[in-house]
Amino acid sequence: MGIKNKDLKRFCILAVVVLIAAAIAVLAFSWGPEESSGDNNQAGPAAGSEKDYFSSKALPEYAEGFEVEYHDNYKVLSIIDPWGRESGNRTYLLVQKGTEVPAGYDDAAVFYIPVESVAALSTTQIPHIANIGEIDTIQIVSNIQYINNPEIIDRYDEGLIRDVSTADSSMTSGLDAEILIDAEPDAVFVSAMENPDYDDSSKIRELGLKPALVSEYMEKTPLARAEWIKYFSLFYNREEEANALFDEIVSRYDNASAKAKGVSEKTTVFSGNDYYGTWYMPGGESYVAQLIEDAGADYLWSDDNSTGSIPLDFEAVYDTAADADYWINMGTANTAGELLAEDERYSKFDAFQNDSIYNNNARVNEFGGNDYWESGVARPDLVLMDLIKIFHPDILPDHELYYYRHIE
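Scoring rules and cut-offs
- Residues numbered from 1 in each chain as written.
- Predicted model: local features only at pLDDT ≥ 70, side-chain atom pairs only at ≥ 80, totals over all residues.
- Heavy atoms only, no water.
- Phe/Tyr/Trp six-rings, centres within 6.5 Å; stacked < 30°, edge-to-face > 60°.
- Helix = DSSP H or I, 4+ residues; strand = E, 2+ residues; numbered from the N terminus.
- Buried < 20%, exposed > 50% of the residue type's maximum accessible area, 1.4 Å probe, protein only.
- Contact = heavy atoms within 4.5 Å.
- Polar contact = N/O pair within 3.5 Å; in protein donor to acceptor, adjacent residues only side chain to side chain.
- Axes fitted to C-alpha atoms, helices over the stretch in contact; angles between N-to-C directions.
- Parallel < 35°, antiparallel > 145°, perpendicular 65-115°, else oblique.
- Left-handed = near helix turned anticlockwise from the far one by under 90°.
- Nonpolar A, V, L, I, M, F, W, Y, C, P; charged D, E, K, R; others polar.
- Pairing = 2+ DSSP bridges.
- Salt bridge = Lys/Arg side-chain N within 4 Å of Asp/Glu carboxyl O.

> With reference to specific residues and values, describe the packing of aromatic side chains.
By the definition in use, this model includes 35 aromatic pairs. Geometrically, the ring pair formed by Phe-111 and Phe-235 is edge-to-face, given 5.4 Å between the ring centres and 90° between the ring planes. Of this pair, Phe-111 sits in strand 4 (residues 109–113) while Phe-235 sits in helix 7 (residues 228–236), and the two are 124 residues apart along the sequence. Accessibility classification places Phe-111 together with Phe-235 in one group, the buried group. An aromatic cluster is present here, built from Phe-66, Tyr-92, Phe-111, Phe-189, Trp-228, Tyr-231, Phe-232 and Phe-235 joined pairwise through their rings.

Rendered as structure tokens:
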């Protein structure tokens, strides 16, 4: 039984209608109202879009070495040279992964965030990264033997972290170029240096890697140094965690300091030791002087306006500090006998005779790595409470010394 011409004609018309309907459906899918929303764009929205990727902001209040500006999908991080050199200033563009790099920042180094692998070339950088929960991103360290953080040591033993200083170096700074190149970290955190001969950042840049300058050690106050946790948080989008941790440190520091500054009588204090004929005394505007003042003591060089160390001879120190109540931070000495072995004249100080000497080396590993210069930078509240316990033990009766120890 064949198909009649009339039926064939109806069939053809119906087929054409179906094809037209299908075509319209396809066009509606392709050109529908959601086409311009960008939701299906795997590259993410363009720079300048209205989506704010950074609901939490971390702005420095104490630190002077960096500034940050927030935009929808990127952050402009400005590094301010601590020695006042215009050529030492840097601009970093921290761009959210999956979004476009904005125009107008030709001189800025671009970092895609959040970073997933980093090199931390100074022990002072490790606690900040660890405290915001990103210690697993550290793939490269320098001089593992001086590091105290147990998780870093365990990860190194497991082969998850490499020491850039262990192999034969091909860089004048002592960093192994092959290890750095092989690791390809998203960022290399490196200390800013005044002397170009010790500047690792330019050498790292020559390797095709991205150095991120850190100059927290040049900050003038303990809280300013600790606030660099915010700097590191910018690379991880961990601002919320950094703000919460730093606010707690500030609260603890200020509460302890308020108690100490209420004392009726201040003890007198001096610091340091004679090193090959020169006594490097912390300046009156240094972070050490600030800690002593906040601990309710009178630092004998507080009138000096230096932020670094003052080179003095033994006689100049003795003339001022002979009858001081306390002596702190005397190098690597573990006993009074070791101090006398360095210089018998130490016995002339009243603080030595009165058994009032304390050193910041309570937490030192077998290779001499001192945790005071590692986690202590990130925890000035604990350092301050140690000093208050030393100078005014009745103020914090329950506190046990953490970074400091009595030298006998």
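> Explain the environment of Asp-325 residue by residue, including any values.
If you trace the backbone, Asp-325 turns up in the loop between helix 10 (314–321) and strand 15 (326–328). Sequence separation between Asp-325 and Asn-354 is 29 residues; the distance between their C-alpha atoms is 8.2 Å. Beyond its immediate sequence surroundings of up to four residues, Asp-325 is in contact with Thr-267, Thr-268, Ala-351 and Ser-356. Polar side-chain contacts of Asp-325 include one of 2.9 Å to the backbone nitrogen of Thr-268.

> Could you give an account of the packing of helix 7 against helix 8 (residues 239–260), naming the residues involved and the relevant values?
Running from N to C, helix 7 and helix 8 point in directions that differ by 170°, and their axes come no closer than 8 Å. Classified by the interaxial angle, the pair formed by helix 7 and helix 8 is roughly antiparallel. Every pair of crossing elements has a handedness; the one defined by helix 7 and helix 8 is right-handed. Here Ile-229, Lys-230, Ser-233 and Leu-234 of helix 7 lie close against helix 8, whose contacting residues are Glu-239, Ala-242, Asn-243, Leu-245 and Phe-246. When grouped by side-chain class, the residues that make up the contact of helix 7 with helix 8 number five nonpolar, two polar and two charged.

> Explain the sheet that holds strand 14 (residues 309–312) residue by residue, including any values.
The strand order 11-12-14 describes an open sheet built from three strands, whose pairing is antiparallel. Only two strands of the sheet have a single partner each, and these edge strands are strand 11 (274–275) and strand 14.

> Can you lay out the pairing of strand 1 (residues 66–70) for me, pointing to particular residues and giving the numbers?
Residues Phe-66, Val-68 and Tyr-70 of strand 1 are buried on one face, while the alternating residues Glu-67 and Glu-69, pointing to the opposite face, are not. Of the pairings in the sheet, the one linking strand 1 to strand 2 (residues 74–79) comprises five bridges and is antiparallel in character. Bridge pairing in strand 2 links Glu-67 to Ser-78. Following strand 1, the chain reverses through three residues before pairing antiparallel with strand 2.

> For the pattern of salt bridges, give the residues involved together with the corresponding values.
Within the structure shown, the criterion is met by 16 salt bridges. For the salt bridge of Arg-162 with Asp-182, the shortest nitrogen-to-oxygen distance reads 2.7 Å. Taken together, the residues Arg-162 in strand 7 (residues 162–163) and Asp-182 in helix 4 (residues 177–183) connect sequence positions 20 residues apart. Here Glu-227 makes a salt bridge to Lys-230, at a shortest N to O gap of 2.9 Å. A single burial state applies to Glu-227 and to Lys-230, both of which are buried. Taken together, the salt bridges that share partners define one network made up of Glu-61, Glu-227 and Lys-230.

> For the sheet that holds strand 2, give the residues involved together with the corresponding values.
Read across the sheet, four strands follow the order 1-2-3-4 without closing on themselves; strand pairing throughout is mixed. Two strands close off the open sheet at either side, each with one partner strand: strand 1 and strand 4. Strand-to-strand twist in this sheet, taken as the mean axis angle between neighbours without regard to direction, amounts to 20°. Sheet topology places strand 3 (residues 90–96) next to strand 4; five bridges connect them, and they run parallel. When the sheet's bridge partners are listed, Leu-93 is paired in strand 4 with Val-110.

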